Amino acid sequence: NACVSVLVRNDMSDIETHAPGSCSDMASPPLMARQLSAGSAANGRRFTKKLPGQAVSLSAAAVLRMLTPKCNSAVHGRLVRERVRTAADLAMLDKEDLRVLGFTMVERGRIARWAQEAFPAGSGSPSDDSDSDPGTPGYQFGAELYNRIHSRRLPAGAPVVLEVDGEALEDDEESGSSNPDKDLDEIEQQADFWCSFISAARVPCDTAVSALRDVRENVLEERFDVTSERLREVYNDMQRMTPGRAPSVQALGDGLRRCGLVGLDDAAVAQLIEAVRPDRSGKLTLAAFETILSRLKMAQLFVWPSLTSSSSLETPSFSPASVRLRVVEYNSHQCHAADITHPKFREFCFGHRVGPASPHEGPLVRWVHVPEFDLTTLLCLTVKYCLHPLGVEDVIEQCPTKIDRYGCNYFAAVEQLCLVSDAPPLREGGAPVRAAGYHVAAFCSGPPLFDTVITIAQPDRSFAHDWPGEANAPANGGQCWAEKLRHRLTSAPRSRLRERRADFILYQLVDLSTDELQALIRAYSARRRYMAEMPGRDFCAEASACCLQLKVVIRRVRGLQRTIRRFGGDPDFSAELAGYLQDVAEHLDEAHEDAANLIEKFTAIMEAHHHAMERKDEKVRQHTADRLNKTLTILTVGTFIFAPMQFMAGVYGMNFVNENGRPTMPELLWNNGYLLFWILILSYLAVTICFVTRWYFRVKRESEEEARGGSAPAGCDMLV
């Protein structure tokens, strides 16, 4: 987003346009004159055109903001991709080109009329000296542009300075055309200069983050909110304190204290104003205030490490050789990858990215990956790239899968599930499925630049509670997708990925997360086939755990499906990535169906196991009943045999006598009565045993005949 400056003079003068200096590294809303997105002085070509009495610095985006203020934001992204940067480039397009870019019929008419008036010579070339008359179309366009911005007629007389985005922008032709943005870029990179102010400041007693119960309100919004909305609010309050003139030292000091910068005395604040004033006039612009606040905040994190040392979050201790960031900068012609170690981290935070090697190349896209979560690193990136506090809070608290848009920037969070594979088993599916959970967050600069994306990977703290069974989280498992993406960017010289912008990296994050889910589901499918081929083994407990785990997988798939729907509903994404998003949506639908089908199959395995266990229990119960029946049968037969003998023994064992003491039973008086009793008993036993034996073999023979016939008789089991 280029700034527009119009300087109206009574005399005739040339109109010069100036390339903006390199800005910070990631795009923020267009309220900021100095953008968060990376751009260098060579990023856009500028044209020089003579209009009487005006000095106009125009880019294609500036013209469109005036002519088509309600233009779809996706159009700006297409302009960047097609390298339509200057007003001259825009004027060279015909109506068919404008239609392809996405302009409506009314917007195409406005742009065509503007091109005819501003460039009457045709072909987008500057008009000749005939435009020097105030009645020429070029002059009228310049005046109309001024009136559009100011909503009033152009006054005559003294020179008028136009303010855009709250900053006074004017050309200093007599002083040698100094570049304020370039001066700010140079001062921003002087880390020792900014750290010296914090080192000399008085350290407040409550600088440490003692607790993170409400991290957004008590920490992020109070101390590290450097978004454009917050800066605009504080800057406007500073201007109201000094109406009609530049903010004073006291006003700037109050503004810095509102943003959590305390301990600076008036002499230090005056020195800051002296260092960042762009034109040595003492005026403090919004861009200069942003420079002061962001760089002092950055220095505060390096000089006062106690800001995050007592945090309740686990913060790793970095060795000098450890990697804190992995940075890849690329376009279609070049790619640079670097690992930012601990000693180089401060230089990275205070520095700016380099521009493309050639003016004909597109601007570089920067991908910053944080492989290991650290609160200090996250806060440094928050200040450097003006990240929104809501997104930073979601990173710290590990929000569910979602995508949001804060201003013109995007935030996405993905709850990843990765397959953990140690040594490959001898047979596919021969080992239980092991998974690990990770939380990946991404910040992406919005249209029209799409030039910066930041990703933060960390183990999912809630995975151990949500995942049924054993939870596994290897140290490097969550970086697989990042390594794949880094390899794709650096290996192929002319890859399709390098021709895209940062929004394509955001799409790749969702796509690779979907691939991880599909790989996990394929592992469950292989394990299910292995279980089906081993019916003799007990897999009931594992099948039950797999069903519960697949339900967690389905929840992750549904989260990604909601994210894809949000992607598709955003015109800035759907315009260029519609086909890619549809492909991911189909893969997610397929993964959802496969996971639901696997749940049914694992349920069938559990039901089959339950039926087998029921049959086994039934056999045990039947065997127990048979043994009981056999025992009762034996007891019954024994009772049948010995009952008559017991009866006779009981009868003749009674002692009934007369008055003389003689037994009244005549058999008891027989001489051979005892011998006759045993003869009778033995004869009875012989006859009974023969009868029982004949009956037993008869029933057994009938049982065998019935068994050979296919059905057993009702009384067979009692004797077999």
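In the block above lies the structure referred to throughout.
Conventions and cut-offs
Residues numbered from 1 in each chain as written. Predicted model: local features only at pLDDT ≥ 70, side-chain atom pairs only at ≥ 80, totals over all residues. Heavy atoms only, no water. Helix = DSSP H or I, 4+ residues; strand = E, 2+ residues; numbered from the N terminus. Buried < 20%, exposed > 50% of the residue type's maximum accessible area, 1.4 Å probe, protein only. Contact = heavy atoms within 4.5 Å. Pairing = 2+ DSSP bridges. Axes fitted to C-alpha atoms, helices over the stretch in contact; angles between N-to-C directions. Salt bridge = Lys/Arg side-chain N within 4 Å of Asp/Glu carboxyl O. Expected span 1.5 Å × (residues − 1). Parallel < 35°, antiparallel > 145°, perpendicular 65-115°, else oblique. Left-handed = near helix turned anticlockwise from the far one by under 90°. Nonpolar A, V, L, I, M, F, W, Y, C, P; charged D, E, K, R; others polar. Core = buried A, V, L, I, M, F, W, Y, C linked by side-chain atoms within 4.5 Å. Polar contact = N/O pair within 3.5 Å; in protein donor to acceptor, adjacent residues only side chain to side chain. Patch = residues over 30% accessible without salt bridge, like charges linked within 9 Å, V, L, I, M, F, W, Y side chains within 5 Å. Areas by Shrake-Rupley, 256 points an atom, 1.4 Å probe, with all protein chains shown as cover. Lys, Arg positive; Asp, Glu negative; His and termini not counted. Charge placed at Lys NZ, Arg CZ, Asp CG, Glu CD.

So, the overall build of the chain
Part 1 of the reasoning: A tally of regular secondary structure across the chain gives 23 helices and eleven strands.
Part 2 of the reasoning: Sorting the 720 residues of the chain into buried and exposed places 49% on the buried side.
Part 3 of the reasoning: Put simply, 73% of the contacts in the chain that link residues at least 6 apart link residues at least 24 apart.

Description of the pairing of strand S10 (residues 435-444)
Part 1 of the reasoning: Of all ten residues that make up S10, ten are buried, and the element is covered over most of its length.
Part 2 of the reasoning: Alternating residues of S10 divide into Ala 435, Gly 437, His 439, Ala 441 and Phe 443 and Ala 436, Tyr 438, Val 440, Ala 442 and Cys 444, and every residue in both groups is buried.
Part 3 of the reasoning: Of the strand pairs in this sheet, strand S9 (residues 409-419) and S10 are connected by ten bridges, and their pairing is antiparallel. Among the inter-strand pairings, Ala 412 is bridged to a residue of S10, identified as Ala 442.
Part 4 of the reasoning: In the sheet, S10 pairs with strand S11 (residues 452-459) via seven bridges, with the strands oriented antiparallel. Bridge assignment links Val 440 to a residue of S11, and that residue is Ala 457.

Considering the sheet that holds S9
Part 1 of the reasoning: What the seven strands build is an open sheet, ordered S6-S5-S7-S11-S10-S9-S8; its pairing is mixed. Pairing within the sheet leaves two strands with one partner each, and these edge strands are strand S6 (335-341) and strand S8 (402-406). Strand-to-strand twist in this sheet, taken as the mean axis angle between neighbours without regard to direction, amounts to 15 degrees.
Part 2 of the reasoning: Bridging between strand S7 (residues 365-370) and S11 involves five bridges; their strand directions are parallel. When the sheet's bridge partners are listed, Trp 367 is paired in S11 with Val 453.
Part 3 of the reasoning: Contacting strand S5 (323-330), S7, S8, S9, S10 and S11, helix H20 (residues 502-532) crosses the sheet at an angle of about 20 degrees to S9.
Part 4 of the reasoning: Here helix H21 (residues 540-569) sits on the sheet and contacts S8 and S9; the angle it forms with S8, its principal contact strand, is near 30 degrees.

Looking at the pattern of salt bridges
Part 1 of the reasoning: Across all of its chains, the model carries 21 salt bridges by this definition.
Part 2 of the reasoning: Taking the shortest distance from any N to any O, the salt bridge between Glu 233 and Arg 258 comes out at 3.5 Å. With a gap of 25 residues between them, Glu 233 in helix H10 (residues 228-241) and Arg 258 in helix H11 (residues 249-258) connect regions that are remote in the sequence.
Part 3 of the reasoning: Residues Arg 496 and Glu 499 are paired through a salt bridge, measuring 3.5 Å at the closest nitrogen-oxygen approach.
Part 4 of the reasoning: With a relative accessible area of 40%, Glu 499 lands in the partly exposed category.
Part 5 of the reasoning: Within the structure, one salt-bridge network assembled from shared partners comprises Arg 230, Glu 233, Asp 237, Arg 240 and Arg 258.

As for H10
Within an α-helix, residues lying three or four positions from one another point in the same direction, as the helix has 3.6 residues per turn.
Part 1 of the reasoning: A rise of 1.5 Å per residue sets the reference length of H10, with its 14 residues, at 20 Å; its end C-alpha atoms lie 20 Å apart and thus fit the reference within 8%.
Part 2 of the reasoning: Those residues of H10 that sit buried are Ser 228, Arg 230, Leu 231, Arg 232, Val 234, Tyr 235, Asp 237 and Met 238.
Part 3 of the reasoning: On its buried face, H10 is in contact with H11 and helix H13 (286-303).

A look at the packing of helix H8 (residues 191-200) against H13
Each pair of packed helices gets described by two things: the angle between the helix axes and the distance between those axes.
Part 1 of the reasoning: The geometry of H8 relative to H13 is characterised by a closest axis approach of 8 Å and an angle of 65 degrees between their N-to-C directions. The pairing of H8 with H13 is recorded here as roughly perpendicular in orientation. With respect to the hand of their crossing, H8 and H13 are arranged in right-handed fashion. Facing Trp 194, Cys 195, Phe 197, Ile 198 and Ser 199 of H8, the residues of H13 in contact are Thr 291, Ile 292, Arg 295, Leu 296, Ala 299, Gln 300 and Val 303.
Part 2 of the reasoning: Broken down by class, the residue content of the contact of H8 with H13 amounts to eight nonpolar, three polar and one charged.

Quick notes on the nonpolar core
Part 1 of the reasoning: Trp 194 and Leu 296 are the most contacted members of the largest nonpolar core, which totals 70 residues.
Part 2 of the reasoning: In terms of residues, this core owes the most to one element, H13, which gives ten residues.
Part 3 of the reasoning: Setting aside its immediate chain neighbours within four residues, Trp 194 contacts Ile 187, Glu 188, Leu 272, Val 276, Thr 291, Ile 292, Arg 295, Leu 296, Ala 299 and Phe 350.
Part 4 of the reasoning: Membership of the second largest hydrophobic core comes to 65 residues, among which are Val 365, Val 440, Val 553 and Leu 598.

Looking at the environment of Pro 571
Part 1 of the reasoning: Relative to the helices and strands, Pro 571 resides in helix H22 (residues 571-652).
Part 2 of the reasoning: Along the sequence, Pro 571 and Val 75 sit 496 residues apart, while their C-alpha atoms lie 9.5 Å from each other.

Remarks on the pairing of S8
Each regular strand displays side chains that alternate between the two surfaces of the sheet.
Part 1 of the reasoning: Examined bridge by bridge, S8 and S9 share five bridges and lie antiparallel to one another. Residue pairing across strands places Asp 404 opposite Phe 411, the latter belonging to S9.

Notes on the side chain of Asp 404
Part 1 of the reasoning: Within the secondary structure, Asp 404 is located in strand S8.
Part 2 of the reasoning: Looking at Asp 404, its side chain comes within polar contact range of the side chain of Lys 402, at 2.7 Å.

Comments concerning a negative patch on the surface
Part 1 of the reasoning: On the surface, Asp 583, Glu 586, Asp 589, Glu 590, Glu 593 and Asp 594 cluster together into a patch of negative charge.
Part 2 of the reasoning: Looking at the secondary structure, you find Asp 589 in helix H22.

These values are about where atoms sit, not about what they do.
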